[in-house]
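Here are the chains, one letter per residue:
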Amino acid sequence: MALVKAGVLVLDCAEPEKLAVFYKELLEGEEADATANRVEIKGADGFRIALRRDVNATPPSWPRPENSLQAHLEFVVDDLDAVERRVISLGGRPLEAKEASGPLEERGYADPAGHSFTLRRTPPTAPKQG
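The structure reproduced in this document is the subject of the present report. This structure is a prediction, so every number in the text was calculated from the model and none was measured.

**Points about the packing of aromatic side chains**
Enumeration over the complete set of coordinates arrives at five aromatic pairs. Ring centres of Phe22 and Tyr23 lie 4.9 Å apart, and the angle between their planes is 90°; on these two criteria the pair is classed as edge-to-face. Each member of the pair Phe22 and Tyr23 is classed as buried. Arranged with centres 5.7 Å apart and planes meeting at 25°, the rings of Tyr109 and Phe117 form a pair that is stacked.

Below, the structure written as structure tokens:
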């Protein structure tokens, strides 16, 4: 029997109700639990994220050098352009973290409260040779 039944990523923010709308739409999920200071979202694939009220929360400054990137979310997607349009329509913003010479395999963003996350394209699967 496992000691841990489930894991939930928790992000601190000033307004969890507003940030929950962003993640509920992005993850095509549903509100799994809510209290006065916390909203939990369960994504369509079972991923769980909770937004916890911290009235003193300030967004991280990454990729600026004064703050290190201590943690961020990473979402695997099939179509970077389509998901980027969705992120921006929900109030997220792109983070210019690096220049790339060819097609980007991943892109960085911030949610409406400033938490960073990455969209990573699913690598194409080719038939095994040999």
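**Re the pairing of strand 5 (residues 73–77)**
Because side chains alternate across strand 5, one face comprises the buried residues Leu73, Phe75 and Val77, and the other comprises Glu74 and Val76, none of which is buried. Of the pairings in the sheet, the one linking strand 5 to strand 8 (residues 116–121) comprises five bridges and is parallel in character. Looking at strand 8, one finds that Phe75 is bridged to Leu119.

**Notes on helix 2 (residues 80–89)**
For helix 2, the complete set of buried residues consists of Leu80, Val83 and Val87. Down the axis of helix 2, the buried side of the element spans an arc of 70°, and every buried residue falls inside it. In helix 2, the exposed residues that point more than 90 degrees away from the buried face are Arg85 and Ser89. If you check the start of helix 2, you find a side-chain oxygen 3.2 Å away from the backbone N of Asp81, and it comes from Asp79.

**With respect to the sheet that holds strand 4 (residues 48–53)**
Backbone-to-backbone hydrogen bonds join strands into a sheet, with any given pair of strands oriented parallel or antiparallel. What the four strands build is an open sheet, ordered 1-4-3-2; its pairing is mixed. The outermost strands of the open sheet, each flanked by one partner alone, are strand 1 (9–13) and strand 2 (30–34). Each neighbouring strand pair of the sheet contributes to a mean axis angle of 25°, computed without reference to strand direction. In terms of strand pairing, strand 3 (residues 38–42) meets strand 4 through five bridges, oriented antiparallel. Paired with Lys42 across the strands is Arg48, a residue of strand 4. The strands touched by helix 1 (residues 16–26) are strand 1, strand 2, strand 3 and strand 4; relative to strand 4, the strand with the most contacts, the crossing angle is about 160°.

**Describing helix 1**
Every buried residue of helix 1 is accounted for by Pro16, Leu19, Ala20, Phe22, Tyr23 and Leu26. Buried residues of helix 1, viewed axially, fall in a sector of 160°; they line one side. Packing partners of the buried residues in helix 1 comprise strand 1, strand 3, strand 4, strand 5, helix 2 and strand 8.

**Remarks on the nonpolar core**
Counting 21 residues, the largest nonpolar core has Tyr23, Leu51, Phe117 and Leu119 as the members making the most contacts within it. The dominant element in this core, judged by the number of residues it contributes, is helix 1, at five residues. Ignoring sequence-local partners within four residues, the contact set of Tyr23 consists of Leu11, Glu28, Ile41, Ile49, Leu51, Leu73, Phe75, Asp111, His115 and Phe117.

Rules and cut-offs
- Residues numbered from 1 in each chain as written.
- Predicted model: local features only at pLDDT ≥ 70, side-chain atom pairs only at ≥ 80, totals over all residues.
- Heavy atoms only, no water.
- Phe/Tyr/Trp six-rings, centres within 6.5 Å; stacked < 30°, edge-to-face > 60°.
- Buried < 20%, exposed > 50% of the residue type's maximum accessible area, 1.4 Å probe, protein only.
- Helix = DSSP H or I, 4+ residues; strand = E, 2+ residues; numbered from the N terminus.
- Pairing = 2+ DSSP bridges.
- Arc of directions from axis to C-beta.
- Polar contact = N/O pair within 3.5 Å; in protein donor to acceptor, adjacent residues only side chain to side chain.
- Axes fitted to C-alpha atoms, helices over the stretch in contact; angles between N-to-C directions.
- Contact = heavy atoms within 4.5 Å.
- Core = buried A, V, L, I, M, F, W, Y, C linked by side-chain atoms within 4.5 Å.

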